[in-house]
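Given next are the chains, with one letter for each unit.
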Amino acid sequence: MDVIDDEAGGEESLSPAAGVAAAAGAALACLSCGSKIFGAYCHDCGQKNDDLRRSLLSLARDFVEDTFAFDSRMWRTLGLMAAKPGVVPTDYAHGRRSRYTPPVRLFLVVSFLFFLALSLTSTMFVAMDVRASAPAEGVATKALNAAVTVAAEDESDEPDCNITAGLRFFVRPKDLTLDTEAWRRCYADVERTVSEAIAASDDEGEAVPEADAEKALGFVSGVLSGISGAIENPQAFNADINTWLPRVMFAMTPALALILALFIRGRNALMFDHLVLSLYTHAVGFAVIGIAVIFVQFGLRAAFPAAMAVFAVYFMMALKRAYGRGWVKTVWTGLMSGLLYLTILVSVVMTIVVNALVT
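Residues numbered from 1 in each chain as written. Predicted model: local features only at pLDDT ≥ 70, side-chain atom pairs only at ≥ 80, totals over all residues. Heavy atoms only, no water.

A.B. asks: What am I meant to see in the confidence of the model for the protein chain here?
C.D. replies: When pLDDT is low, close inspection of the predicted coordinates is not appropriate. For the protein chain, the mean per-residue pLDDT works out to 78, and 76% of the residues sit at or above 70. For residues 1-14, every residue scores under 50 in pLDDT, and the model assigns this stretch 16 contacts once sequence neighbours within four places are set aside. The low-confidence segment residues 136-140 (pLDDT under 50) makes ten contacts with residues lying over four places distant or belonging to another chain. (pLDDT = per-residue confidence, 0-100. Contact = heavy atoms within 4.5 Å.)

Here's what the structure looks like:
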């Protein structure tokens, strides 16, 4: 019932739900609790005075604008982060938040633009250069040759795999060097050498069970097939990596906060402070590397080493200003936390890469 009889005076009064609805009929009443509104938000319940009753297209547009729009706060946040590393996370963590873009939103926006830039420029996260080389020059194949030689236990069985290979990060397909013939020759020779090594073991009385021999050959063929696919079709190989990389980077934000907590403690170094700094720092990292991706399109291959050096200096300055420690402690903390962070990140990324190669 919306109407209730007043036993004392015989007058009628509205139920709570009907009272809120009636109060909301006024222009300056909260739609949730019925309190008077002074501004866009209710001072009692905090709700924005908007019923959101509009078309689905309008709601989608509002969501995109609210999430990705570069408003005045966004530009102010980015400008101050570039000019004074460490000021924004310190201010935000200590309550001065209204003037800045929240760290989670900034992280999502900048990371989205980063991966969009990778996609639009056809930049791959990792790929491999392969070219034929003289026997003495085959640097990248020494480990492969040595592994197969150990399996064969005879230097005469070493495969003729004279190629030079090297990993490249954030590279475009057109910037890669691929000698397909040299790689396929190496591929076939390694398979042949392993097969002959297993057969030789059987001839010498070291009988290898047929099931184990097939399993060994299958494993070697699978690994070589995965490596061959990554080398000859790096874009398809990177598609698997790109599926996981955004998730990994999002998970690395609390990881960096935990790492910082190992080295920096105190009243002004709570876990919340570390997490805010980590989110803003990752946003800067995405921005710096994203700019390097753009520079590489103009042939500046040194952009990535320069970007990493700039980011390392930025991280040190942000730590110094955020926690107010001396330079010696700051540099020590930055180096150790950075090393631990990179160890975790590289381990996770290599796990993804190896899984992509095997599968």
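The discussion continues.
A.B. asks: Sorry if this is basic, but what is going on with the environment of Arg168 here?
C.D. replies: Following the sequence through the fold, Arg168 ends up in strand E4 (residues 163-171). Taking the C-alpha atoms as reference points, Arg168 and Met128, 40 residues apart in sequence, are found 5.7 Å from one another. In this structure Arg168 touches Phe125, Val126, Ala127, Asp129, Asp175, Leu176 and Arg301, once residues within four positions along its chain are discounted. Side-chain polar atoms of Arg168 contact the side chain of Asp129, separated by 2.7 Å. A polar side-chain atom of Arg168 sits 3.4 Å from the main-chain carbonyl oxygen of Asp175. (Helix = DSSP H or I, 4+ residues; strand = E, 2+ residues; numbered from the N terminus. Polar contact = N/O pair within 3.5 Å; in protein donor to acceptor, adjacent residues only side chain to side chain.)

A.B. asks: Sorry, what's going on with the packing of aromatic side chains here?
C.D. replies: Two descriptors summarise a pair of aromatic rings, namely the distance from one centre to the other and the angle between the planes of the rings. Tallied over the full model, the rule gives ten aromatic pairs. Pairing Phe107 with Phe286 gives two aromatic rings, centres 5.7 Å apart and planes at 65°, and the pair type is edge-to-face. Here Phe107, found in helix H5 (residues 103-120), pairs with Phe286, found in helix H10 (residues 271-296); they are 179 residues apart in sequence, far enough to count as distant. With relative accessibility at 3%, the residue Phe107 sits in the buried group. Since its relative accessible area comes to 6%, Phe286 is described here as buried. (Phe/Tyr/Trp six-rings, centres within 6.5 Å; stacked < 30°, edge-to-face > 60°. Buried < 20%, exposed > 50% of the residue type's maximum accessible area, 1.4 Å probe, protein only.)

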